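# Commentary on secondary and tertiary structure
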Amino acid sequence: MIYYFSGTGNSKWVAEQLAAKTGDSAVNMMLNRGPQPTNEQVIGLVFPIHAWGAPEPVLEFTRKLSAKPAFSFAVCTCGLEAGTTMEKMRRVYPLDSVYSIEMPNNYVIGSELESVESILRKVTKAKEQLDVIAAQISAREPVGDVNTGSAAWLKSSLINFGFNMASCSTKPFYVTEKCISCGQCARDCPAQTIRMVAGKPTWGKKCYMCTACINLCPTQAIEYGKGTAARGRYSFVDVA
Ligand SMILES: Cc1cc2nc3c(=O)[nH]c(=O)nc-3n(C[C@H](O)[C@H](O)[C@H](O)COP(=O)(O)O)c2cc1C
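Residues numbered from 1 in each chain as written. Predicted model: local features only at pLDDT ≥ 70, side-chain atom pairs only at ≥ 80, totals over all residues. Heavy atoms only, no water.

This next bit is on the overall build of the chain. Looking only at helices and strands, the chain features 7 helices and 10 strands. Relative to its length of 240 residues, the chain is compact, with a C-alpha radius of gyration of 18 Å against a globular reference of 18 Å. Over its C-alpha atoms, taken along the principal directions, the chain stretches across nearly 55 × 40 × 35 Å. Split into buried and exposed, the 240 residues of the chain put 49% on the buried side. At a minimum sequence separation of 6, the contacts of the chain that also span at least 24 residues come to 75%. Carbon and sulfur atoms form 54% of the exposed surface of the chain, whose accessible area is close to 11,300 Å². For the chain, the separation between the mean place of its 25 positive charges and that of its 20 negative charges on side chains is 9 Å. (Helix = DSSP H or I, 4+ residues; strand = E, 2+ residues; numbered from the N terminus. Rg over C-alpha atoms; globule rule 2.2 N^0.38 Å. Buried < 20%, exposed > 50% of the residue type's maximum accessible area, 1.4 Å probe, protein only. Contact = heavy atoms within 4.5 Å. Areas by Shrake-Rupley, 256 points an atom, 1.4 Å probe, with all protein chains shown as cover. Lys, Arg positive; Asp, Glu negative; His and termini not counted. Charge placed at Lys NZ, Arg CZ, Asp CG, Glu CD.)

Below you can see the structure in the form of structure tokens.
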């Protein structure tokens, strides 16, 4: 079984591709939070990197995995680099193989949307990498292929800690007149923090900063602070 967490579709696509290529199934870990089956031959985890770390619900889910199957692996998707995330994951759960795959950056809160060329290049390269990873998983070959980047320890410890403390507030979220009250944001939110009040989204305190609400809103009505109004939106589309 391949369990994934995904805000804007990159990790979902990766999990589904790997499942199709290895004859496995991909399931959303947010919808499968109870006890997991203990008779799986393979367990895979696929998730995005958030501030050089694994998102909180991914760690929470992984801690609850009890049995070690015949083969286990984790794949993180990231705009560029993963830091020491996979070392941390290995302390939480025994992983035979770990990988990172470069995918388009969805953090429109902090940076400009990538160019179409860059998105195409990354998805094309990811497809090639997925063929290799799937073959290695099928062969149960232990592999460590992660782009940790520079100053990885510093980024995955201090900066990750600072990000989780200071940058996950829901206060800067707001909705503009473009909102059509469709409720898509509430349905997409993995933290279930968005409630529709008088037809408009309101945010509770808990937030995984997955950017699903901002990026997947069909009318681009959701903003965060001052930065996002002038920026584009991202969600995975298999364009390459
Ligand atoms: C809050 C946040 C923090 C991020 N931090 C990093 C990072 O530290 N390094 C990186 O390479 N990409 C980073 N990204 C980009 C995502 O890891 C990347 O776009 C990922 O593929 C998104 O996957 P998803 O569509 O499954 O959510 C960040 C994205 C978000 C939303």
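Let us look at the packing of aromatic side chains. A complete count under the given rule lists 6 aromatic pairs for this structure. Consider the rings of Phe 173 and Trp 203, whose centres lie 4.9 Å apart with planes at 5°: the pair is stacked. One end of the pair, Phe 173, is in strand 7 (residues 173-175); the other, Trp 203, is in strand 9 (residues 200-203), and 30 residues separate them in sequence. When sorted by exposure, Phe 173 lands in the same class as Trp 203, which is buried. An angle of 80° between the planes, with centres 4.7 Å apart, marks the rings of Phe 173 and Tyr 224 as edge-to-face. Residue Phe 173 is located in strand 7, and its partner Tyr 224 is located in strand 10 (residues 222-224); the two are separated by 51 residues in the primary sequence. Assessed through its relative accessible area of 10%, Tyr 224 is described here as buried. Three or more aromatic residues joined by ring pairs make a cluster, and in this case those are Phe 173, Trp 203 and Tyr 224. (Phe/Tyr/Trp six-rings, centres within 6.5 Å; stacked < 30°, edge-to-face > 60°.)

Turning next to the environment of Gly 53. Summarising the element assignment, Gly 53 is placed in the loop between strand 3 (42-48) and helix 2 (56-64). For the pair Gly 53 and Asp 188, spaced 135 residues apart in sequence, the C-alpha to C-alpha distance is 22 Å. Setting aside anything within four residues of it in sequence, one finds Gly 53 in contact with Pro 48, Thr 85 and Asn 160.

Here we take up the site of the ligand. Residues in close proximity to the ligand total 24 residues, the closest being Ser 6, Thr 8, Ser 11, Ile 49 and Leu 80. At a separation of 3.1 Å, an oxygen atom of the ligand approaches a polar backbone atom of Gly 9. The backbone of Leu 80 places a nitrogen or oxygen atom 2.6 Å from an oxygen atom of the ligand. Taken by itself the ligand offers 650 Å² of open surface, and the protein chains cover 96% of this. Listing elements by their share of the shell around the ligand, those giving two or more residues are helix 1 (10-22) and strand 4 (71-78). A breakdown of the residues in the shell around the ligand according to their chemical character gives 11 nonpolar, 12 polar and 1 charged. (Near = heavy atom within 4 Å. Polar contact = N/O pair within 3.5 Å; in protein donor to acceptor, adjacent residues only side chain to side chain. Nonpolar A, V, L, I, M, F, W, Y, C, P; charged D, E, K, R; others polar.)

The nonpolar side chains of a soluble globular protein tend to be buried with one another. Of all hydrophobic cores here, the largest spans 46 residues; its most connected members are Tyr 3, Leu 45 and Phe 47. Elements represented by at least two residues in this core include exactly strand 3, helix 2, strand 4, helix 3 (85-92), helix 7 (212-216) and strand 10. Ignoring anything within four residues of it in the chain, the contact list for Phe 47 reads Phe 5, Ser 11, Ala 54, Pro 55, Val 58, Ala 74, Val 75, Cys 76, Thr 77, Thr 85, Met 86 and Met 89. Core analysis: the next-biggest nonpolar cluster, separate from the first, contains 25 residues, Ile 2, Ala 15, Leu 18 and Ile 133 among them. (Core = buried A, V, L, I, M, F, W, Y, C linked by side-chain atoms within 4.5 Å.)

Attention shifts here to the side chain of Ser 97. Secondary-structure assignment places Ser 97 in strand 5 (residues 97-102). One polar contact links the side chain of Ser 97 to the main-chain carbonyl oxygen of Glu 141, over a distance of 3.0 Å. Those residues in contact with Ser 97, other than ones at most four positions away along the chain, are Phe 71, Ser 72, Phe 73, Ala 74, Arg 90, Glu 141, Pro 142 and Val 143.

Our focus in this paragraph is the sheet that holds strand 3. Within the open sheet, the 6 strands sit side by side as 2-1-3-4-5-6. Their pairing is parallel. Two strands in the sheet have a free side with no partner beyond their single neighbour: strand 2 (26-28) and strand 6 (144-145). (Pairing = 2+ DSSP bridges.)

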